[in-house]
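Read off the chains here:
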Amino acid sequence: MLKKVLVLAAVAFVVYYVLHNPQVAGHTMHVAGKNAWHGLKGVAASLAKFINTLVS
């Protein structure tokens, strides 16, 4: 029950934030997406280097 209330409160806050600051929210999402993409590329490069070390 408490978990549902906390989730609903978090969703309500996000909706409120997006409605009152759409430009800031959009910029935040853009930066978060870009950081996630760069992180995934780094993980893929490290994994490839590790596999190449095992194969060599």
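Refer to the structure above for everything that follows.
None of the values given here were measured: they were computed from a predicted structure.

### Some points on the overall build of the protein chain
So, point 1. Counting its regular elements, the protein chain contains 2 helices and 0 strands.
So, point 2. In terms of C-alpha radius of gyration, the protein chain reaches 19 Å, well past the compact-globule figure of 10 Å for 56 residues.
So, point 3. The principal-axis extents of the C-alpha atoms in the protein chain amount to approximately 55 × 35 × 5 Å.
So, point 4. Counting every position in the protein chain, which comprises 56 residues, the buried fraction comes to 2%.
So, point 5. Approximately 5200 Å² of the protein chain is accessible, and the part contributed by carbon and sulfur atoms is 76%.

### Points about the packing of helix α1 (residues 2-20) against helix α2 (residues 22-55)
So, point 1. The interhelical angle for the contact between α1 and α2, taken along N-to-C directions, is 115°, at an axis separation of 5 Å. On the basis of the axis angle, α1 is roughly perpendicular to α2. Between α1 and α2, the residues in contact are Tyr 17, Val 18, Leu 19 and His 20 and Pro 22, Val 24, Ala 25 and Thr 28, respectively.
So, point 2. In terms of residue class, the contact of α1 with α2 is built from 6 nonpolar, 2 polar and no charged.

### So, the packing of aromatic side chains
So, point 1. Taken as a whole and judged by the stated rule, the model has 1 aromatic pair.
So, point 2. A ring pair is formed by Phe 13 and Tyr 17, whose centres lie 6.2 Å apart and whose planes are at 20°; its orientation type is stacked. One end of the pair, Phe 13, and the other, Tyr 17, are both in helix α1, 4 residues apart, so they sit about a helical turn from each other.
So, point 3. On the basis of relative accessible area, Tyr 17 is assigned to the partly exposed category, the value being 29%.

### Some remarks on the environment of Val 55
So, point 1. By secondary structure assignment, the location of Val 55 is in helix α2.
So, point 2. Since its relative accessible area comes to 68%, Val 55 is described here as exposed.
So, point 3. C-alpha of Val 55 to C-alpha of Leu 2: the two residues are 53 residues apart in sequence and 50 Å apart in space.

Quick notes on the rules
- Residues numbered from 1 in each chain as written.
- Predicted model: local features only at pLDDT ≥ 70, side-chain atom pairs only at ≥ 80, totals over all residues.
- Heavy atoms only, no water.
- Helix = DSSP H or I, 4+ residues; strand = E, 2+ residues; numbered from the N terminus.
- Rg over C-alpha atoms; globule rule 2.2 N^0.38 Å.
- Buried < 20%, exposed > 50% of the residue type's maximum accessible area, 1.4 Å probe, protein only.
- Areas by Shrake-Rupley, 256 points an atom, 1.4 Å probe, with all protein chains shown as cover.
- Axes fitted to C-alpha atoms, helices over the stretch in contact; angles between N-to-C directions.
- Parallel < 35°, antiparallel > 145°, perpendicular 65-115°, else oblique.
- Contact = heavy atoms within 4.5 Å.
- Nonpolar A, V, L, I, M, F, W, Y, C, P; charged D, E, K, R; others polar.
- Phe/Tyr/Trp six-rings, centres within 6.5 Å; stacked < 30°, edge-to-face > 60°.

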